[in-house]
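Remarks on the overall topology
Here is what each chain is made of, one letter per residue.
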Amino acid sequence: MEMASSAKWFAVALVFITVILLRVIRGRRMAAAPASEKPPPPVVNGFTLLGLLPRLLTMDLRTKINCLHDKYGSVFTVSPFGLTNVTFLIGPEVQSHFFQGLESEINHGNLLEFLVPMFGQEIGQGVDAATRTEQSRFYLDALKQSKLRRHLDPMLQEVESYFGKWGLEGEVDLKHEFEELLMLISSRCLLGKEVREKMFDEFYKLFRDVENGLNMISVFFPYIPIPANRRRDKARLKLIELLSGTVRSRKSSPSVEEDVLQRLIDSKYKDGRSTTETEVAGMIIALIFGGKHTSSLASTWTGACLLTHPKFLAAASQEQKEIMMKYEEKIEYDALLEMNTLHNCIKEALRLNPPTTMLVRKALKHFTVRTRQGQEYGIPKGHTLASPIIQNNYLPYIYKDPEVYDPDRFGPIRQEDVVGGKFSYTSFGGGRHFCSGDAYAYMQVKVIWSHLLNNFDLKLLSPYPKTDWSKLIPEPQGNMMVSYKRRQLLG
Ligand code: HEM
């Protein structure tokens, strides 16, 4: 009996030792892997995360990432109990594959799946990679610099008419004002006159329901039947129906409009196929979604920064005076291109407060990165990759006194982002998926701020806003109350 029991324990021990030995041998083999296989990045595992939790819980997103950056360096993998592996890439030196790698080696994977129920199955993440790439080309083509001039007059009309409704003096919540105004500009320049003139209210209401479908829950569970998702699905169907009707009547009309909707209608795939009504409808919803809120936040943060920095407010106002004199009080497209001070004021507001705080990708193939200190790491296939713009924009070896609002850092003397090298400034992304609407965005924010600087004396009544990190796209917390006094009546 005793003999049988000993034999049993001996067999168990043997199996156990064999398993251990096999693991050690496999580990040695991996350690002796070819020289091209660099070590993986340091890992922040579940236990470490639990240890850090009390501190992390009290921090905002940027401080959290900063804390991990300080401790683990510019490349590290957050791996909570092996559930997932998210590798953070911080600083321009380690971004080139992230931004420029082939789509077949690094792409958005299913990380943006939550956009499918917002824009439909026919575009973006709902279609195969080749079709998606062609649709990105349509966006780029519709929004490229050479096509922007024609948007200036409608944009100016919207801005003048909006601020024309302000009194001689008063108080407003600038954040709210910009949200409304950007929706009007977007519907006019992107969607066109049919929607702007005849069905703006209906469009706005439906669009808001689609937009509000994006929340912390829907990002992870885009299809669960919570009320916000149900409202989103209903609104999207109605929106697609409404916009498809507009596309249909445009297609059958001999007159050709000059807005972005028309460009998407006229776009053709490489095989000669025209875009369908639902594709155009989905693409235009996606464009408005990508451009409206980001530009409204850019306008708000620019206001918050300018109105708390008299030196730069004075410089931007002086530039307006000179340009208005040169162009005889009329804003022309070329005049906008000459507003370098205002441009840098907006760019700096977006460095400090990028609306998209973090970019993500999926590694479909193993790749290597080399840090600024010369350390090389192999990033395994399958990892989720995160490029935190909110941390990259604050690196002190790129930006002097990174916490300070200083638009001069982008001026001709310092050019800190140029000196810092490619991917030093990524508020608009970079490389393959660089924002298609950056020039359009600058144009509308400049038209707005040029008008305000030329026509009003403004004072910030609220304190400089804190960032509301509870929002998926962080925004200034609460209202941003401003008092205005009209300098001259509009002619
Ligand atoms: C201040 C305003 C804006 C900011 C900060 C911004 C930021 C960004 C960023 C960071 C990306 C890269 C996403 C990634 O790599 O995953 C992006 C992509 C994109 N943006 Fe913008 N954006 C702005 C305005 C606009 C506007 C006004 C439009 C259109 C009207 C637009 C259309 C797009 C499109 C279509 C893409 C996808 C490009 C692609 O994947 O090929 N954006 N934007």
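A quick note: this is a predicted structure, and the numbers were derived from the prediction, not measured.

The next subject is the sheet that holds strand S13 (residues 481-486). Pairing is antiparallel across the open sheet formed by 3 strands, whose spatial order is S5-S13-S10. Edge positions in the sheet fall to strand S5 (169-173) and strand S10 (456-460), since each has one partner strand and no second. Along the sheet, successive strands turn relative to each other by an average axial angle of 25°, direction set aside. Bridge analysis of S10 against S13 gives 5 bridges, and the strand direction is antiparallel. Across the sheet, the residue bridging to Asp 457 is Lys 485, located in S13.

This brings us to the pattern of salt bridges. Per the stated rule, a full pass over the model turns up 30 salt bridges. Here Arg 137 makes a salt bridge to Glu 134, at a shortest N to O gap of 2.6 Å. A residue pair is termed a helical-turn pair when its members lie 3 or 4 positions apart in one helix, as Arg 137 and Glu 134 do in helix H6 (residues 129-143) at 3 residues. Two residues, Arg 414 and Asp 406, come together in a salt bridge whose shortest N-O distance is 2.9 Å. In this structure Arg 414 comes out as partly exposed when scored by relative accessible area, which is 28%. One network of salt bridges, in which partners are shared, links Glu 348, Arg 351, Asp 406, Arg 409, Arg 414 and Glu 416.

Below, the discussion takes up the coordination of the iron atom of the ligand. No protein donor other than Cys 435 (SG) coordinates the iron atom of the ligand, and that contact is at 2.3 Å. Take Cys 435: it is sitting in the loop between helix H19 (416-420) and helix H20 (438-455).

Moving on to the UniProt feature "binding site: heme" (unreviewed entry) in the protein. Mapped onto the present numbering, the UniProt feature "binding site: heme" (unreviewed entry) falls on Cys 435. By relative accessible area, which is 27% here, Cys 435 ends up partly exposed.

Here the focus is the site of the ligand. Around the ligand there are 25 residues in total, and His 108, Gly 291, Arg 361, His 433 and Cys 435 lie nearest to it. Here an oxygen atom of the ligand and a side-chain polar atom of His 108 are 3.0 Å apart. At 2.8 Å, a side-chain N or O of His 433 approaches an oxygen atom of the ligand. Within the residue set of the shell around the ligand, elements represented by two or more residues are H6, helix H14 (277-306), strand S6 (358-363) and H20. No other element matches H14, which puts 6 residues into the shell around the ligand.

Attention now goes to the nonpolar core. Judged by nonpolar contacts, the single largest core of 120 residues is most densely connected at Phe 163, Trp 166, Phe 203, Leu 243, Leu 264, Ile 448 and Trp 449. Per element, the largest residue contribution to this core is 15 residues, and it comes from H14. Apart from the residues lying within four places of it in its own chain, the contact partners of Ile 448 are Val 159, Phe 163, Phe 178, Leu 181, Leu 182, Ile 185 and Ser 299. If you look at the next biggest cluster of nonpolar residues, it comprises 15 residues, including Val 94, Phe 98, Phe 99 and Phe 367.

Time to look at the pairing of S13. In the sheet, S5 pairs with S13 via 5 bridges, with the strands oriented antiparallel. Its bridge partner lying in S13, Glu 171 is registered against Ser 483.

This part is about the sheet that holds strand S1 (residues 43-45). One open sheet accounts for 6 strands, arranged S1-S2-S3-S9-S6-S4; its pairing is mixed. Looking at strand neighbours, the two that pair on one side only are S1 and strand S4 (106-107), the edges of this open sheet. Pairing between strand S3 (residues 86-89) and strand S9 (residues 384-388): 3 bridges, direction parallel. Within the sheet, the bridge partner assigned to Val 86 lies in S9 and is Thr 384. Here helix H2 (residues 46-57) sits on the sheet in contact with S1 and strand S2 (75-79), set at roughly 70° to S1. Strand contacts of helix H3 (residues 61-72): S1, S2, S3, S6 and S9, with the helix running at about 115° to S2, the strand carrying the most contacts.

By the definition in use, this model includes 21 aromatic pairs. Between Phe 203 and Phe 207 the ring centres are 5.8 Å apart and the planes differ by 20°, which places this aromatic pair in the stacked class. Note that Phe 203 and Phe 207 are positioned in helix H10 (residues 200-211) at a spacing of 4 residues, about one turn of the helix. Side by side, Phe 203 and Phe 207 carry an identical accessibility label, which is buried. Put simply, the rings of Tyr 162, Phe 163, Trp 166, Phe 456 and Tyr 484 pair up and form one aromatic cluster.

Let us now look at H20. An ideal rise of 1.5 Å per residue puts 26 Å on 18 residues; H20 measures up with 26 Å between its terminal C-alpha atoms. The element H20 is extensively covered by neighbouring structure, given that 17 of its 18 residues are classed as buried.

Residue placement: Asn 455 occurs in helix H20. Given a relative accessible area of 7%, Asn 455 falls into the buried group.

Cut-off values and rules
Residues numbered from 1 in each chain as written. Predicted model: local features only at pLDDT ≥ 70, side-chain atom pairs only at ≥ 80, totals over all residues. Heavy atoms only, no water. Pairing = 2+ DSSP bridges. Helix = DSSP H or I, 4+ residues; strand = E, 2+ residues; numbered from the N terminus. Axes fitted to C-alpha atoms, helices over the stretch in contact; angles between N-to-C directions. Salt bridge = Lys/Arg side-chain N within 4 Å of Asp/Glu carboxyl O. Buried < 20%, exposed > 50% of the residue type's maximum accessible area, 1.4 Å probe, protein only. Donors = N, O, S within 2.8 Å, 3.2 Å for Na, K, Ca; no water. UniProt positions renumbered as here; feature names shortened; annotations may be inferred. Near = heavy atom within 4 Å. Polar contact = N/O pair within 3.5 Å; in protein donor to acceptor, adjacent residues only side chain to side chain. Core = buried A, V, L, I, M, F, W, Y, C linked by side-chain atoms within 4.5 Å. Contact = heavy atoms within 4.5 Å. Phe/Tyr/Trp six-rings, centres within 6.5 Å; stacked < 30°, edge-to-face > 60°. Expected span 1.5 Å × (residues − 1).

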